[in-house]
Amino acid sequence: MKTLRFILGDQLSQNISSLRDCDKSNDIILMCEVMAEATYVKHHKKKIAFLFSAMRHFAEELEAQGHHVRYIKLDDEHNSCSFTGEVERAIKKHTIEQIIVTYPGEYRVLQDMLSWGKRFGMPVEIRSDDRFLCDPDEFVVWAEGRKQLRMEYFYREMRKKHAVLMNDDGPEGGQWNYDAENRKPPKEGLTIPATYHSEPDAITQEVMSLVAERFNDHFGDLEPFHFAVTRDQALIALRQFIEQRLSQFGDYQDAMIEGEPWMYHSHISFYLNCGLLLPLECVQAAEQAYTDQKAPLNAVEGFIRQIIGWREYMRGIYWLKMPDYAKQNFFDANRKLPGFYWTAKTKMNCLHHCVKETRQNAYAHHIQRLMVLGNFALIAGIDPTHVNAWFLIVYADAYEWVELPNVSGMILFADGGYLASKPYAAGGSYINKMSDYCKNCDYKVKQKTGPDACPFNYLYWDFLVRNRDRLASNHRLGMMYKTYDRMGDDKKLAIEQDSKQFLGSLYDQKI
Ligand code: FAD
Ligand code: DLZ
Ligand code: SF4
């Protein structure tokens, strides 16, 4: 039977389930660059360039192996601009009899796929995406009957199931989690190795010209472009992380230094999420470094937990809770996103640097996303729809399955605590402890109220007060409410007035 095998831009893996049993002499592999995907949110220029280049390289590899690839470029004359349109054109052109795809990363794309059978009058097989370590069905079984889910328990199951950092007696070293040894503040004189750099080849250069021409009004800097765009390059990027940065990963996982966007993180999320790297191979590379005594257990376990724990857990929650998850707004937050999330023009030095680096790199590391960009959106009461759109646009690793649970669940608590046990709200002292941003800030982190006070300080309390009826029963916040209740009336009034004044002028923030 003549089969159309449709590969999406985040399915660039040789072992993808939709390509198994592919008949090279008969089947057609479809890949397409379509305007609908590049603009349903206006993705960062670097993200589009990265993905189109990686797609073109992947198509070349498949062709070199003898596959018949129908690759539609964005500028191809009859490009229909959508996945469904391109599937339809391919069916007509190649007299297709059935379609095989792998489960997509976004709910809206799955809805398209589910409509194709009826629309095109042929069987559509949607295969499980077994690049992930936990299938959505398996996650449903794990989650069943639990009122609240906690990543830590899921993570232990994954460790056991995949025999990662396990020995006969249980978890390697006797503990499941070594976070107590991690997360040190930055110290002076750290030498941070450069992130992966490759020179754009002819394919990447062509794509960059296309992006510069067609997506010039999108957020973000296109150049310099140095991402890996092939599997071989991505493997080098992984190796460089394991050799050069993994050993310090745990210690400085939460540290932020002005002008150091990459720190000791791995910078592999772009490659993992589009399929150039596979989760288990990254986990095994880290475990091997531990076995070879090249990296300590706290770093290796911490890194592995992010991949087989958080990453899989986020995906499980996405498919368990969609489509309702995207509509959650526990706090009824309704403010628009301030302009400085695009321009970086704010006197708040931490936000200024995190937005600036996001614009340059289509990357910010976890703590910048969580404790600066996300924390501010939470305590300022920004509407989750706007915050989600921003995070989906600006990061080269952003796809809804991973972006939405991180934003609505982890940073905004928009699901009311299904994913996280308490909101990750914090005042300026956390940012001051974990970064050097406050040294160069116009605001004073030690000052709690008044015109020079760090806005995170009073907004934190204002957030707790504003949402008291929703949060008071959360036992993890009891101490904070007690602290607030012990404050004098003057201080409480100052918090209220400073917050009102600041939030009232939020859309005028300039430097
Ligand atoms: P490392 O810190 O080196 O971690 C290793 C890997 O672990 C990452 O590559 C990633 O695959 C995985 N990982 C770590 N934390 C998470 C997490 N919370 N959820 C899922 N995977 C995780 N990650 C995305 O891949 N896409 C997103 O769109 C995304 N949006 C986020 C939005 C917010 C508000 C927050 C707080 C986090 C978000 N994350 C997202 C998770 C995390 O910040 C990124 O995965 C990480 O910063 C990528 O950089 P890295 O590869 O250097 O990660
Ligand atoms: C992110 C993205 C962009 C910008 N463009 C394309 C594209 O033109 N063609 C394609 O196949 N995929 C693209 N993607 C990735 C898709 O948005 C992603 O595959 C779906 O959201 C499912 O996860
Ligand atoms: Fe950010 Fe406040 Fe520190 Fe300024 S003082 S850098 S606003 S935390």
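What you see as residue numbers is a count from 1 along each chain, following the sequence as written. Written order decides the labels, with chains lettered from A and ligands numbered from 1. With the structure being a predicted model, the display of local features is reserved for residues of pLDDT at least 70 and the display and counting of side-chain atom pairs for 80 or more, all residues being used for whole-chain, interface and lining totals. As a rule here, side-chain values come from all non-hydrogen atoms in the structure, and water together with hydrogens is ignored.

This part takes up the site of ligand 2. Nearness of a residue to a molecule or strand requires only that one of the residue's heavy atoms be within 4 Å of it. Within the structure, ligand 2 sits among 17 residues, and Gly-9, Asp-10, Cys-32, Val-34 and Glu-37 are positioned closest to it. Polar contacts here mean pairs of N or O atoms no more than 3.5 Å apart (in protein, one a potential hydrogen donor and the other a potential acceptor; neighbouring residues in sequence count only if both atoms are side-chain atoms). Taking Asp-10, its side chain carries an N or O atom lying 2.6 Å from an oxygen atom of ligand 2. The separation between an oxygen atom of ligand 2 and a polar main-chain atom of Gly-105 is 3.2 Å. When ligand 2 is considered free in solution it has 490 Å² of accessible area, and contact with the protein chains removes 100% of it. When contributions to the shell around ligand 2 are tallied by element, the ones reaching two or more residues are helix H1 (35-39), helix H2 (45-64) and helix H4 (107-120). In this classification, Asp, Glu, Lys and Arg are treated as charged, Ala, Val, Leu, Ile, Met, Phe, Trp, Tyr, Cys and Pro as nonpolar, and every other residue, Gly included, as polar. Across the shell around ligand 2, the residue classes tally to nine nonpolar, three polar and five charged. In short, Shrake-Rupley with a 1.4 Å probe defines the accessible areas, and a residue's cover is counted only from the protein chains shown. Labels follow the DSSP assignment, with helices taken as runs of H or I lasting at least four residues and strands as runs of E lasting at least two, numbered in each case from the N terminus.

It is worth spelling out the environment of Val-101 at this point. One can find Val-101 in strand S4 (residues 98-102). Exposure remark for Val-101: the relative accessible area of 0% places this residue in the buried category. Put simply, Val-101 and Phe-6 are 95 residues apart on the chain and 5.4 Å apart in space, counted from C-alpha to C-alpha. Ignoring any residue separated from it by four or fewer positions in sequence, one finds Val-101 in contact with Phe-6, Ser-18, Met-113, Trp-116, Glu-125, Ile-126 and Arg-127. Exposure categories follow from relative accessible area, calculated using a 1.4 Å probe and restricted to protein chains: below 20% of the type maximum is buried, above 50% is exposed, and the middle band is partly exposed. Contact definition: two residues touch when any of their heavy atoms are within 4.5 Å.

Before going further, it helps to examine the sheet that holds S4. Any two strands with at least two DSSP bridges between them are considered paired. A sheet is described by the order of its strands in space; here five strands give the open sequence S3-S2-S1-S4-S5, paired in parallel fashion. Edge positions in the sheet fall to strand S3 (68-72) and strand S5 (124-127), since each of these pairs with one other strand and no more. If you compare each strand with its neighbour and ignore which way they point, the axes differ by 25° on average. Strand direction decides the pairing type here: strand S1 (residues 3-6) and strand S2 (residues 28-32), joined by three bridges, are parallel. Note on geometry: axes are lines fitted to C-alpha atoms, helical ones only across the stretch in contact, with angles between N-to-C directions running from 0 to 180 degrees.

Across the interface, helix H15 (residues 366-379) lies against helix H17 (residues 400-411) with an axial gap of 10 Å and an inter-helix angle of 55°. Looking at the two axes, H15 sits oblique to H17. Crossing geometry of H15 relative to H17 is assigned as right-handed. For the pair H15 and H17, contact is made by His-366, Arg-369, Leu-370, Gly-374 and Leu-378 and by Asn-406, Met-410 and Ile-411, respectively. Of the residues in the contact of H15 with H17, the class split is four nonpolar, three polar and one charged. Our angle categories are set so that under 35 degrees counts as roughly parallel, over 145 as roughly antiparallel, 65 to 115 as roughly perpendicular, and the remainder as oblique. Each crossing gets its handedness from the near helix: less than a right angle anticlockwise from the far helix is left-handed, clockwise is right-handed.

On to the state of the cysteines, then. Any two cysteine sulfur atoms lying within 2.5 Å of each other are counted as a disulfide. Summed over the entire model, instances satisfying the criterion amount to zero disulfides. Left unpaired, Cys-32 is separated from the closest cysteine sulfur, that of Cys-81, by 10 Å. Left without a disulfide partner, Cys-282 is nearest to the cysteine sulfur of Cys-274, which lies 12 Å away. Judged by its relative accessible area of 0%, Cys-282 is buried.

Right, let's talk about the nonpolar core for a bit. A general tendency of soluble globular proteins is for nonpolar side chains to be buried together. Residue types Ala, Val, Leu, Ile, Met, Phe, Trp, Tyr and Cys, when buried and joined through side-chain atoms within 4.5 Å, form a set referred to as a nonpolar core. Counting residues in each nonpolar core, the largest one holds 157 residues, and the members touching the most others are Met-31, Leu-246, Tyr-271, Leu-351 and Phe-376. In terms of residues, this core owes the most to one element, helix H12 (residues 297-321), which gives eleven residues. Look past the residues within four positions of Tyr-271 in its chain and what remains in contact with it is Phe-50, Tyr-196, Phe-227, Ala-228, Ala-234, Ala-237, Leu-276 and Leu-277. If you look at the next biggest cluster of nonpolar residues, it comprises 20 residues, including Leu-30, Phe-83, Met-113 and Trp-116.

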